[in-house]
Structures are given as structure tokens and as C-alpha cells.
Amino acid sequence: MPSGLPPDLRQEQVLDYSFMEIKSLKELVELEEEGPSSEPPETDEPKKFSNMTTLRISSNSITDIAPLYDYLDQVAEGADTFKWLDLSYNKIERIGLSFDPFKNVSVLYMQANLISRFGELKPLTKLPHLTNLALHGNPVAAKKHYRNYVLHLLPNLTKLDFSCITKQDRVHSQTWAMFFRKKLAKKVDEE
């Protein structure tokens, strides 16, 4: 049976904190410290998950993702090697510098959050391998020029909001950029 995952993400380990009513990323560390095991730890060092490439923290109530790397680094070895981050269905309004350490991320799901400004998308340009992005269900996705702006900002995308980027999409984005980029850049800077 064929897998729907990209070849480089198949049969990789997933760290899944979805549907756990998490409100703060600090709870990731607290959950792992509590742990399901009744056996005493062999060392004072907390055990970290290894070989993780996918992180799912969807369907929670997280609002602040600024400390994402710091907390993830406490529970997983090589937190900067994650390729897939799913933070969908939370209450995230700002991206900020949250994803700067995650240079290997190729898939980022952030649909159904509260991101409302184009300016919040600019930090995603620091993810050189990002090819699949989901933002639908955020207020920003309902804005005029959303798709063209995102494609202009992130030209390496192959999928946006679970829809493949076509040659026509790229042509529209390039045409849009020629006519609207200066006007929109001013608006983004004002936000």
C-alpha cells in the first residue's frame, strides 16, 4: 500500500503531542518528566527521544511558539533535524523567530490558527527546505492576494494549503509581484 508521506519522511519516528490539551510548550517537558514508566531512571539525565523527524502538536490550545526549540531540545535529541512540524488547530497568532533553528523543515502545517498578518509569514523565508505549507483556516488566508504573496515569499513551495502549485500559479504570482509587491511591502511593514 503506497504511503502518502514524502519518501524522505517514510518510516521515520514521530513525536506526537496532538489532542493533549496542551496550553504551553513547557508542558512537553513536564509530560516527558512524568512519563508512563514506573521504573526509576538509570541516570539523573532525562532520557531524550532520538531519530525523530516529525513533531505533531496539533489540536491543542498553544498560543506562544517562541520557545518551541528550547523545549523540544529538552525532550528530543537533534531537535534541529526535524523535517515535519504540525502545529495546526492551536491558537497561534505570531510566528516570530520560532522556526529559525529548524533549517531542515520541509513540511509545516499551521492551519486553523489565528495568524492574521502577512508580516508574520516573512520568518518562513528562513526555512530553505520548506516545500509544503498549510495555513488555511488562519485569518491571513482570507486576505486578498494571500496565495500570490505566499508564493512570491516562498518560491520553493510545491504545495500550499494541500494544493499543488502549478505553473499557472507561479505565472500569476510573478505577474502579481510585478504590479503589487511595492504596495503590499508597505502594507506588510505597517502591520
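Residues numbered from 1 in each chain as written. Predicted model: local features only at pLDDT ≥ 70, side-chain atom pairs only at ≥ 80, totals over all residues. Heavy atoms only, no water.

When you tally the buried positions in strand β2 (residues 52-56), you get 4 out of 5 residues, the bulk of the element. Of the strand pairs in this sheet, strand β1 (residues 13-16) and β2 are connected by 4 bridges, and their pairing is parallel. From the neighbouring strand, Leu-15 faces β2, where its bridge partner is Leu-55. Between the parallel pair β2 and strand β3 (residues 84-86), the chain is carried across by helix α2 (residues 68-75), and the sense of this crossover is right-handed. (Buried < 20%, exposed > 50% of the residue type's maximum accessible area, 1.4 Å probe, protein only. Helix = DSSP H or I, 4+ residues; strand = E, 2+ residues; numbered from the N terminus. Pairing = 2+ DSSP bridges. Right-handed = clockwise from strand over helix to strand, strands pointing away.)

With that settled, consider the side chain of Glu-120. Within the fold, Glu-120 resides in the loop between β4 (107-109) and β5 (132-134). One polar contact links the side chain of Glu-120 to the main-chain amide nitrogen of Ile-95, over a distance of 2.7 Å. In this structure, Glu-120 is in contact with Glu-93, Arg-94, Ile-95, Gly-96 and Ile-115, ignoring residues within four places of it in sequence. (Polar contact = N/O pair within 3.5 Å; in protein donor to acceptor, adjacent residues only side chain to side chain. Contact = heavy atoms within 4.5 Å.)

Phe-82, Phe-99, Leu-108, Met-110, Leu-121 and Leu-124 are the most contacted members of the largest nonpolar core, which has 46 residues in total. Those elements that provide at least two residues to this core are α1 (26-34), β2, α2, α3 (146-153) and α4 (167-190). No other element matches α3, which puts 5 residues into this core. Not counting chain neighbours up to four residues away, the residues in contact with Leu-108 comprise Leu-85, Leu-87, Phe-99, Leu-124, Leu-127, Leu-130, Asn-132, Leu-133 and Ala-134. (Core = buried A, V, L, I, M, F, W, Y, C linked by side-chain atoms within 4.5 Å.)

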